[in-house]
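Geometric and topological summary
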Amino acid sequence: EDCVAVGGCAVAAGCLSLSHFTGNPVYDSLGSITIGMGLGFVALVLIRKNRDLLVGSALPVKRVDRIVRLLEADPVVYSVHDVKAIIT
């Protein structure tokens, strides 16, 4: 993420310089599009990473049943209802 931000600054500086020295505003536009695409790519990578961390995958039923039995065997626990567990 930081690498793309620093790279975006370098692209911006280079494209603004080209645009200034050549008098052609196309370079500035191309630089903006390039920076936007880089940041969009990073955003997609972060979305995917966070989705995997937030959603996770469900524990196998046997393992959940074993945990429920262990909890119910504890004299302090009255009952266990609606167990949801994920692997992170």
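That block above? That's the structure.
Residues numbered from 1 in each chain as written. Predicted model: local features only at pLDDT ≥ 70, side-chain atom pairs only at ≥ 80, totals over all residues. Heavy atoms only, no water.

**Focus on a nonpolar patch on the surface**
A cluster of nonpolar side chains, namely Leu18, Val26, Tyr27, Leu30, Ile33 and Met37, defines an oily patch on the protein surface of about 560 Å² accessible area. With respect to the secondary-structure elements, Tyr27 resides in helix α2 (residues 26-55). (Patch = residues over 30% accessible without salt bridge, like charges linked within 9 Å, V, L, I, M, F, W, Y side chains within 5 Å. Areas by Shrake-Rupley, 256 points an atom, 1.4 Å probe, with all protein chains shown as cover. Salt bridge = Lys/Arg side-chain N within 4 Å of Asp/Glu carboxyl O. Helix = DSSP H or I, 4+ residues; strand = E, 2+ residues; numbered from the N terminus.)

**What to know about the environment of Arg63**
Tracing the backbone through its elements, the reader meets Arg63 in helix α3 (residues 61-73). Along the chain, Arg63 and Ala85 lie 22 residues apart, while their C-alpha atoms are 9.7 Å from each other.

**A closer look at the state of the cysteines**
Note on terminology: disulfide describes a covalent bond linking the sulfur atoms of two cysteines. Scanning all chains against the criterion turns up zero disulfides. Cysteine Cys9 is unpaired, with the sulfur of Cys3 as its nearest cysteine sulfur at 11 Å. Taking relative accessible area as the criterion, Cys9 reaches 55% and is therefore assigned exposed. The thiol of Cys15 is unpaired, and the distance to the nearest cysteine sulfur, on Cys9, comes to 12 Å. (Disulfide = S-S within 2.5 Å. Buried < 20%, exposed > 50% of the residue type's maximum accessible area, 1.4 Å probe, protein only.)

**Observations concerning the packing of helix α1 (residues 2-22) against α2**
Here α1 crosses α2 at 170°, and the two axes come no closer than 8 Å. As far as their axial angle goes, α2 and α1 are roughly antiparallel. When α1 is examined against α2, the residues Val4, Gly8, Val11, Ala12, Cys15, Leu16, Leu18, Ser19 and Thr22 are found in contact with a partner set consisting of Tyr27, Asp28, Gly31, Thr34, Ile35, Gly38, Leu39 and Val42. Among the residues making up the contact of α1 with α2, the classes are represented as ten nonpolar, six polar and one charged. (Axes fitted to C-alpha atoms, helices over the stretch in contact; angles between N-to-C directions. Parallel < 35°, antiparallel > 145°, perpendicular 65-115°, else oblique. Contact = heavy atoms within 4.5 Å. Nonpolar A, V, L, I, M, F, W, Y, C, P; charged D, E, K, R; others polar.)

**Considerations on the side chain of Ser19**
Looking at the secondary structure, you find Ser19 in helix α1. A relative accessible area of 14% means that Ser19 is categorised as buried. Ignoring sequence-local partners within four residues, the contact set of Ser19 consists of Asn24, Pro25, Tyr27 and Asp28.

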